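As a plain string of letters, each chain reads:
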Amino acid sequence: MNNSKYHGVVVPMVTPVTRNGRLDVEAAGRIVEFFAANNVSPLLMGTTGEGNSVSQADGRLLVETAVKARNNAQPSTLNPQLIYAGLTGNCFAEQVQQAEAYTALGADVIVATLPTYYALTEAQMYEYYKTLADCITGPLMLYNILATTHMSIPVDVVRRLAGHPNIVGLKDSERDLERMAQCIDIAKGRDDFAYFCGWAAQSAHSLALGGNGIVPSTGNYVPEMFQQLYDAAVRGDAAEAARLQDATNEIAKIYQKDRTLGQSLAALKVMMQTKGLCEPWMLMPLCRLSDEEESAILQKIKNKK
């Protein structure tokens, strides 16, 4: 690991909404405080947070709510919870405007996926991120997620972008172990560029290779377990990190197994409801699961105890 200020457990936070699709401000505050109590940071409006479906107004409100909740939960800590704000979309001007709004509201890092309407060349990917980094005030983190953008940011492009003074890291969710090792190597020995693993099942492995942080969606439900996994990996306790990896993988199966990505996010909210964090309403085009499916999830949770 390097000495980047960007490290640790960053949970891709669900976006809690009401039945009518409006941001549930109280629930958002509760979740951020829950994360703060377990020493993890939120990534707002990532894939788990239905980022592409959040309106610009609700995006700003969510960042504002998260910053206030963070400040209330950790008013004087020397190692404050950071607020990572996801950025998606296909209109560059609107993306810059939204990124600047998030930074002005107190977001610490902007985490941007590729625009997804057009298939992009390597040169276009590079120019997109370089120009975005040039145009925004806050630090920028690259977000590679082949499963939803249907494009992969080539390792050579990541390497070139890592030299930009306003690009501080990569959050990579691609399921490719060789690529993971190559990207971690880019960050090694540097304090200005960090690697975050977005493939939760390989959290312990990525940290053992020297990654800076992990971004596990299951952390919405058990943030303490991922913080324990991270701490074990940092101190070199591979056996404990592996034990926690296996345990969190089993929990992930409750909401992920035999479901599409969108269905799994609805199931994750059902699990979070059992802890009083939010209700399982979703933003269109996703929708809440059936009563039968929700009951089955609750039974699985009960059986795990």
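Preceding block: the structure.
Reference entry: report on the structure contained in this document. Keep in mind that what you see is a predicted model, and the values were worked out from it rather than measured.

**Comments concerning the overall build of the protein chain**
Here is step 1 of the chain: For the protein chain, the helix and strand inventory stands at 12 helices and eight strands.
Here is step 2 of the chain: Taken over C-alpha atoms, the radius of gyration comes to 18 Å for the protein chain, in line with the 19 Å a tight globule of 305 residues would show.
Here is step 3 of the chain: Considered along the principal axes of its C-alpha atoms, the protein chain spans approximately 50 × 45 × 45 Å.
Here is step 4 of the chain: Every one of the 305 residues in the protein chain was classed for burial, and the buried ones make up 54%.

**Let's talk about the nonpolar core**
Here is step 1 of the chain: Counting 88 residues, the largest nonpolar core has Tyr-129 and Leu-140 as its most contacted members.
Here is step 2 of the chain: The dominant element in this core, judged by the number of residues it contributes, is helix 11 (residues 261–273), at seven residues.
Here is step 3 of the chain: Beyond its immediate sequence surroundings of up to four residues, Tyr-129 is in contact with Ala-112, Thr-113, Leu-114, Leu-140, Leu-142, Tyr-143, Ile-153, Leu-161 and Ile-167.
Here is step 4 of the chain: Core analysis: the next-biggest nonpolar cluster, separate from the first, contains 14 residues, Leu-82, Tyr-143, Val-168 and Ala-194 among them.

**Some thoughts on the side chain of Ser-41**
Here is step 1 of the chain: Counting through the fold element by element, Ser-41 comes out in strand 2 (residues 41–44).
Here is step 2 of the chain: A distance of 3.0 Å separates the side chain of Ser-41 from the backbone nitrogen of Leu-82, its partner in a polar contact.
Here is step 3 of the chain: What Ser-41 contacts, discounting residues up to four positions off in sequence, is Val-9, Val-10, Val-11, Phe-35, Gln-81, Leu-82 and Tyr-84.

Basis of the calculations
- Residues numbered from 1 in each chain as written.
- Predicted model: local features only at pLDDT ≥ 70, side-chain atom pairs only at ≥ 80, totals over all residues.
- Heavy atoms only, no water.
- Helix = DSSP H or I, 4+ residues; strand = E, 2+ residues; numbered from the N terminus.
- Rg over C-alpha atoms; globule rule 2.2 N^0.38 Å.
- Buried < 20%, exposed > 50% of the residue type's maximum accessible area, 1.4 Å probe, protein only.
- Core = buried A, V, L, I, M, F, W, Y, C linked by side-chain atoms within 4.5 Å.
- Contact = heavy atoms within 4.5 Å.
- Polar contact = N/O pair within 3.5 Å; in protein donor to acceptor, adjacent residues only side chain to side chain.

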